[in-house]
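Results of the structural survey
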Amino acid sequence: MTDIALNHWLTEFRRELHRFPELSNEEFETTRRLREALEAKQIRILDLPLRTGLVVEVGGQRPGPLVILRADIDALPIEEVSGVPWPSENPGVMHACGHDFHSAAALGAAILLREKEESLAGTVRIIFQPAEETGHGAPAVLATGALDGAKAIFGIHNDPALPVGVIGSKAGALTAGVDRFKIDVRGRGSHAARPHEGNDPLIIAAHLVTALQTLISRNLDSRENAVVSVTQVHGGSTWNVIPETAWLEGTVRTFSQSAREGLERRFHDVTEGVARTFNAEVTLDWQPGPPSIINTAEWVDFALEVGEKSGFETRRLEENPIGEDFAFYLQKLPGAFIMVGSGGPFALHHPQFRVDDAALYPTAQWLAGLAEAALISGHLK
Ligand SMILES: [Zn+2]
Ligand SMILES: [Zn+2]
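Summarised in this report is the structure supplied together with it. What you see is a predicted model, and the numbers here were worked out from it, not measured in a lab.

**Focus: unusual backbone geometry**
At Asn279, a residue that is not glycine, the phi angle is positive and equals roughly 55°. Considering the arrangement of structural elements, one finds Asn279 in the loop between helix 6 (257-278) and strand 13 (281-288). With relative accessibility at 69%, the residue Asn279 sits in the exposed group. Of note, the phi angle at His349 is positive, near 75°, even though the residue is not glycine.

So this is what it looks like as structure tokens:
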């Protein structure tokens, strides 16, 4: 296929994925579409126990190392109002994180690599990963042995804050460790006029919100970055009754393991302390998500150098407090996660989010070039 034909075909393929987005672990049609496209190009699909998602391989005709490219394939429970002429046809579900773009770019890379399979100095494995948005997709793929034998792994995420034609990353911590918390407060209900006969859970919840905010300002080393956001507070049902219970929920974002562990410990201290102060039952449910992405410095440099050679402008980025389950792969293998400019005015997860088509084909070409070059790079020696 010529570049123009493949570019056109990939653009149409990406729009089709966009029209039929599926939630995490329900990516059955997405997987079917990818499978059909891969089979049409005679690309080897590995037989792994995955309900959704696919792992494929290209190359291996010449001896050499194994490197991995990874794209995610799931969408979000958002009603699309992006205004593109090919919007979501699945009500309430939208590719608002651009995983349709990632999938199509990785598919394009697979096709480009397949066309030069005989010359590859090793094997390129490509993971089309389900359920990134839950943070549990990568561990599930890891458990199938999909990383076995590999020497390095590369992943991408589109970044609407960067223009099309720009890629960027950073050595070390790039994304945040993501933890989710829920706190249940059990007080004692009473008439609003007789609070002394009850134990007001709303006062306790309010103290918790305030005390938790001081963990960043008073407990975290000022040289560290972290975020505590309480995003829901619930309690009560009318104006003249003090309720029995209240609950709140939110997220903690950190960039180092020490900050992550320290904040979790202080969350327990604060909830136990507030419970004692108000003589109430306060329970903390702490749900750890993906850790921080820790990029390997030499692979970041390498990926950006290959990008420059294929016409991208490259940037060194700051830490970004989003979560990304690619971090689990980087706990097992060296590699790099690279942000790709998608040039939108709207942020990831916004109902008007969109990715510029022009970003797609150059990304596929760069990913193919990156995998091919990584196989013969000195970093694998
Ligand atoms: Zn997302
Ligand atoms: Zn995403």
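The discussion continues.
**Here we look at the sheet that holds strand 13**
If you walk across this open sheet you meet the four strands as 10-12-8-13, and the pairing is antiparallel. In this open sheet, the two strands that pair with only one neighbour each are strand 10 (226-235) and strand 13. Ignoring strand direction, the axes of neighbouring strands in this sheet form an average angle of 15°. With ten bridges connecting them, strand 8 (residues 177-186) and strand 12 (residues 245-254) associate as antiparallel partners.

**Concerning the packing of aromatic side chains**
Counted under the stated rule, the structure contains eight aromatic pairs. Taking 5.4 Å as the distance between ring centres and 20° as the angle between the ring planes, the aromatic pair formed by Trp9 and Phe13 counts as stacked. Remark: Phe13 and Trp9 occur in helix 1 (residues 3-19); sequence separation between them is four residues, near one turn of the helix. The exposure class of Trp9 is partly exposed, given its relative accessible area of 28%. The exposure class assigned to Phe13 is buried, which follows from its relative accessible area of 9%. Consider the rings of Phe154 and Trp299, whose centres lie 5.3 Å apart with planes at 85°: the pair is edge-to-face. Residue Phe154 is located in strand 5 (residues 152-159), and its partner Trp299 is located in helix 7 (residues 297-309); the two are separated by 145 residues in the primary sequence.

About the criteria used
Residues numbered from 1 in each chain as written. Chains lettered and ligands numbered in written order. Predicted model: local features only at pLDDT ≥ 70, side-chain atom pairs only at ≥ 80, totals over all residues. Heavy atoms only, no water. Helix = DSSP H or I, 4+ residues; strand = E, 2+ residues; numbered from the N terminus. Buried < 20%, exposed > 50% of the residue type's maximum accessible area, 1.4 Å probe, protein only. Pairing = 2+ DSSP bridges. Axes fitted to C-alpha atoms, helices over the stretch in contact; angles between N-to-C directions. Phe/Tyr/Trp six-rings, centres within 6.5 Å; stacked < 30°, edge-to-face > 60°.

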